[in-house]
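Per-entry structural report
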Protein chains: 2
Amino acid sequence: MQYMIGIDLGGTNIVCGLVNERYEMVDKVKRPTEAALGVDHVLDKMADMIDELFAKTGLDRSHLLAVGAGIPGFIDPERGVSIFASNLKWHDVDVAGRLSVKVGVPVFIDNDVRMYVYGEAMSGAGRGAGVVHGVTIGTGLAAATVVNGELYYGSGFMAGELGHVAIDGETTPCGCGLTGCLESVVSATGIVRQAKQALEAGRDSILRESYERGELSAAHVSQAYDEGDALAVDILTYTGQVLGKGLAYSISLLSPDVIVIGGGGALAGERLFTSVRDTLQRSVYYGYLERLTIRPGELIDDGGVIGSAAFAKNRAEKLRHAAAGGAM
Amino acid sequence: MQYMIGIDLGGTNIVCGLVNERYEMVDKVKRPTEAALGVDHVLDKMADMIDELFAKTGLDRSHLLAVGAGIPGFIDPERGVSIFASNLKWHDVDVAGRLSVKVGVPVFIDNDVRMYVYGEAMSGAGRGAGVVHGVTIGTGLAAATVVNGELYYGSGFMAGELGHVAIDGETTPCGCGLTGCLESVVSATGIVRQAKQALEAGRDSILRESYERGELSAAHVSQAYDEGDALAVDILTYTGQVLGKGLAYSISLLSPDVIVIGGGGALAGERLFTSVRDTLQRSVYYGYLERLTIRPGELIDDGGVIGSAAFAKNRAEKLRHAAAGGAM
């Protein structure tokens, strides 16, 4: 049995997992990122976490095939470089090159959203499907597409910023430079913003209490929805409509077999999906919907690690195949 | 030099062209389709047109590599079957199998829009680009994407029905079952419909004369735009906005290097593109626009034939490579 390491690098924490060839998590560890201490500190910590996992599990390190790391921001997966990660303050960091020297096996990196969706496609809610389109709903919203086991990149490896399409009727300024981006509605942040604005405009809701305590979260909105709160119902219905209208384009342009909805926002589940499905019935040719399944992610917590490990396996095997003289 | 035949099969006419390896049209012929006379009549006519082209040009028929045919409707390009073509009244017609028996070389078929966009990608406005997204604006609107020289298909070979996404504020019923499809605005038909509805509502315009003669066409709207007619300006501006909002999703999901706008609607040119570009500035992350070029098609009339020929060459070479034991 060969093993891969999958790393999910976030602004707050690093999660490092040891994954087997069946894409099962053998063991994982979690440490604070401490990006402020510099790139080498973060890369050394990753290497230490890998050592720790082999020590803990007693597995033979010579069976480690490769390391994959999912990193936020813009990535060049071919060169293995983090081009820009705002929350890590990384610019043009050769992560693959520098980390592979420390760990002695090939390292492959990609954007964290793509790694997550790749994990769902290979071993989660999209397993066995030809075209898997994944959307992660968290602080923001982003998408990725896996076509017959390979990530789709587009020009500049930039495909997938579905959260940064400006939509009609929305006026929230976005850090990307646009106004009224889709993720200003469809994200945990967007759900909370909608609730706050309605409460500040005087709307009645059981959400007012948590708002006044300064604790209002997307989870509170889901809970209020379950209690029949009209404002929460309106917010999640509208959020589902906006997501559905966006996904209508994903479906028409990509014709996916499965759409996986992941990230914390997926926890809203059917509260959101019902509205998404209703919107799609009105927005997209029925022939697409007949062949499409929309599912919540199965790997919510581990998706980034398992996806990174699966990605590393895919790339390492391709490199070996190419080195052995085969065509790719 | 090897040659390919490219066939552009429409409801009214068949255009059959002899194309060389540099994707240059050597000669072409055009005949009425006469689909009502049956499938064999149409396929026999195609075979006759091919004979005629070799007779006319005096070229050696043994240099014919393959035949490609672009066919409207739903196609299974792997099996070479026309699944459904409403204007030909074809259901499950094994075009590739039946035509290859008549012509003695392999025949490859695909949807006419994909063939056109493939032609633009290989030898027209998208030549040399990695990701080419093409939109044809004619009676309706459809899209196709070529990624590193290969068409993108999606589940069921169905990707590309961008014209059948329902948009806000539109109420025209569509044959696809939806209401307010994007192509009810962004098409020659949609431009004429908008003009008629405005004139019937009493709006003042120089278009009234051609409307009352029953001759109003999209070309009249373009002409009126050039003469500063306010209604024509409003229609093409709004049409460009709707197209721009749709393309914002194409761009975010696919990150194309080039968007090619083809079909008769492309004749509106800058009258439409100015509004498309203005809308994109407000609707999509600027990083995409920095690397993107939006161009009218270069092969408007010959795109279907050249694309079909190029597609046939690609498939025939792949088959040969596979037969020779190489991986694809």
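Residues numbered from 1 in each chain as written. Chains lettered and ligands numbered in written order. Predicted model: local features only at pLDDT ≥ 70, side-chain atom pairs only at ≥ 80, totals over all residues. Heavy atoms only, no water.

Quick notes on the overall build of chain A
For the record, the criterion: Strands here mean DSSP runs of E at least two residues long; helices mean DSSP runs of H or I at least four residues long; both are numbered from the N terminus. For the radius of gyration, the atoms used are the C-alpha atoms, and the globule rule reads 2.2 Å times the number of residues raised to 0.38. To sort residues, take the accessible area from a 1.4 Å probe on protein chains only and compare it with the maximum for the residue type: under 20% means buried, over 50% means exposed, and anything in between is partly exposed. Note on contacts: a residue pair is in contact if any heavy atoms of the two residues lie within 4.5 Å. Residue burial considers only the protein chains on display, and all accessible areas are found by Shrake-Rupley using a 1.4 Å probe. Here Asp and Glu are counted as negative and Lys and Arg as positive; His is not counted, and neither are the chain ends. Note on charges: their place is set at NZ of Lys, CZ of Arg, CG of Asp or CD of Glu.
Across its full length, chain A carries 10 helices and 13 strands. Computed over the C-alpha atoms, the radius of gyration of chain A is 21 Å, within 12% of the 20 Å expected from 2.2 N^0.38 for a compact globule of 328 residues. When its C-alpha atoms are laid out on the principal axes, chain A stretches across 60 × 45 × 35 Å. Burial status across chain A gives 58% buried among its 328 residues. Considering only contacts within chain A whose residues lie at least 6 apart along the sequence, 60% involve residues at least 24 apart. Approximately 12900 Å² of chain A is accessible, and the part contributed by carbon and sulfur atoms is 50%. Charge-centre separation for chain A: the mean point of 28 positive side chains lies 2 Å from the mean point of 40 negative side chains.

Overview of the interface of chain A and chain B
Just so we agree on the cut-off: Take the accessible area each of two parts loses on contact, using a 1.4 Å probe, and add the two losses: that sum is the buried area. Salt bridge criterion: a side-chain nitrogen from Lys or Arg within 4 Å of a carboxyl oxygen from Asp or Glu. Here a polar contact means two N or O atoms within 3.5 Å. Within protein one must be a hydrogen donor candidate and the other an acceptor candidate, and residues neighboring in sequence count only if both atoms are side-chain atoms. Residues are grouped as follows: Ala, Val, Leu, Ile, Met, Phe, Trp, Tyr, Cys and Pro are nonpolar; Asp, Glu, Lys and Arg are charged; every other residue, Gly included, is polar.
Across the contact, 44 residues belong to chain A and 44 residues belong to chain B. Regarding the contact of chain A and chain B, the summed buried area is about 3500 Å², with carbon and sulfur atoms giving 62% of it. At the surface where chain A touches chain B, the tally comes to 2 salt bridges. For B:K245, the salt bridge is made with A:D168, and the minimal N-O distance between the two is 3.0 Å. Counting across the chain A and chain B interface gives 20 residue pairs in polar contact (both at pLDDT 80 or more). Counting only elements with at least two residues in the side of chain A that touches chain B, the list comes to β9 (131-137), α7 (230-254), α8 (270-283) and α9 (286-291) of chain A. Per-element accounting of the side of chain A that touches chain B gives the leading share, 8 residues, to α7(A). Here the residues of the side of chain A that touches chain B sort into 25 nonpolar, 13 polar and 6 charged.

Some remarks on the domain arrangement of chain A
Residues and elements named next belong to chain A. The line we're drawing: Boundary definitions for the domains trace back to an automatic or database domain assignment.
Here chain A is described as being made up of domain 1 (3-118 + 301-323) and domain 2 (128-296). On a C-alpha basis, the centroid separation for the pair domain 1 and domain 2 is 28 Å. Facing 15 residues of domain 1, the contacting portion of domain 2 comprises 19 residues. For the domain 1 and domain 2 pair, buried surface summed over both sides reaches about 1300 Å², with 66% attributable to carbon and sulfur atoms. A per-residue breakdown of the area domain 1 buries against domain 2 is headed by R114, Y116 and V117, which together make up 42% of the total.

Things to note about the sheet that holds strand β11 (residues 150-151) of chain B
All names here are of chain B. Under the convention used in this document: DSSP-based pairing: two strands are paired if at least 2 bridges between them are found. A fitted line through C-alpha atoms represents every axis, and for helices the fit uses only the stretch in contact; the resulting angles, taken between N-to-C directions, go from 0 to 180 degrees.
The 5 strands lie next to each other as β11-β10-β9-β12-β13, forming an open sheet whose pairing is mixed. With one partner strand each, in any of the chains shown, β11 and β13 (293-296) form the two edges of the open sheet. Relative to strand β10 (residues 141-147), strand β9 (residues 131-137) is paired through 7 bridges, and the arrangement is antiparallel. Counted as the bridge partner of V131 is V147 from β10. Running at roughly 165° to β13, helix α8 (residues 270-283) makes contact with β9, β12 (258-262) and β13 of the sheet.

Quick look at the relation of the copies chain A and chain B
A rotation about some axis, followed by a shift along it, carries one copy of the chain onto the other. Where we set the bar: Least squares is used to superpose the copies, and the fit set is the C-alpha atoms of residues whose pLDDT is at least 70 in both copies.
With an RMSD of 0.0 Å, chain A superimposes on chain B once it is rotated by 180° and translated 0.0 Å along the axis. Both chain copies can therefore be described as sitting about a two-fold axis. Here 100% of the interface residues in chain A have copies in chain B that are interface residues too; the copies meet face to matching face.

Focus on helix α4 (residues 188-200) of chain B
Residues and elements named next belong to chain B. Inclusion rule: The length a helix should cover is 1.5 Å for every residue beyond the first.
Across its 13 residues, α4 extends 18 Å between first and last C-alpha, which sits within 8% of the 18 Å expected from 1.5 Å per residue. In this fold, the buried residues of α4 make contact with α5 (208-212), α6 (218-226) and α7 (230-254). Remark: G202 follows α4 within two positions and exhibits a positive phi of approximately 95°.

Quick look at the environment of A:L289
Residues and elements named next belong to chain A. Among the secondary structure elements, L289 is positioned in helix α9. Residues L289 and P256, spaced 33 residues apart in sequence, show a C-alpha to C-alpha distance of 9.5 Å. Apart from residues no more than four positions distant in its own chain, L289 is found in contact with I251, L280, Q281 and V284.

Focus: the sheet that holds strand β7 (residues 90-93) of chain A
Residues and elements named next belong to chain A. If you walk across this open sheet you meet the 3 strands as β5-β6-β7, and the pairing is antiparallel. Either end of the sheet is taken by a strand with one partner, and the two such strands are β5 (74-76) and β7. Averaged over all pairs of adjacent strands, the angle between their axes in this sheet comes to 15°, without regard to strand direction.

Notes on the packing of α6(B) against α7(B)
Residues and elements named next belong to chain B. Rule in force here: Should an angle fall under 35 degrees it is called roughly parallel, over 145 degrees roughly antiparallel, and 65 to 115 degrees roughly perpendicular, with every other angle called oblique. Handedness of a helix crossing follows the sense of rotation of the near helix relative to the far helix, less than a right angle counterclockwise being left-handed and clockwise being right-handed.
Packing of α6 against α7 brings their axes to within 8 Å, and their N-to-C directions diverge by 115°. Our classification of the angle between α6 and α7 gives roughly perpendicular. You can see that α6 and α7 cross each other, and the crossing is left-handed. Between α6 and α7, the contacting residues are V221, S222, A224 and Y225 on the first element and A232, V233, I235 and L236 on the second. Partitioning the contact of α6 with α7 into residue classes produces 7 nonpolar, 1 polar and no charged.

Remarks on the packing of aromatic side chains
Residues and elements named next belong to chain A. So the rule is basically this: For this analysis, a ring pair means two rings from Phe, Tyr or Trp (six-membered ring only for Trp) whose centres lie within 6.5 Å, classed as stacked if their planes differ by under 30 degrees, edge-to-face if by over 60, and tilted for the remaining angles.
Counted by the stated rule, this structure contains 11 aromatic pairs over all chains. Look at Y118 and F311: their rings are 6.0 Å apart centre to centre, the planes differ by 90°, and that puts the pair in the edge-to-face class. A residue pair is termed long-range when its members are at least 10 positions apart, and Y118 in helix α3 (residues 112-123) and F311 in helix α10 (residues 303-323) qualify at 193 residues. Given the relative accessible area of 1%, Y118 is considered buried.

A look at the environment of A:A85
Residues and elements named next belong to chain A. Assignment of secondary structure puts A85 in strand β6 (residues 81-85). With a relative accessible area of 0%, A85 lands in the buried category. Among all residues touching A85, those that are not within four sequence positions of it are P72, G73 and W90.

A look at the environment of A:D48
You can see A:D48 is positioned in helix α1 (residues 39-57). Taking the C-alpha atoms as reference points, A:D48 and A:G80, separated by 32 residues in sequence, lie 20 Å from one another.

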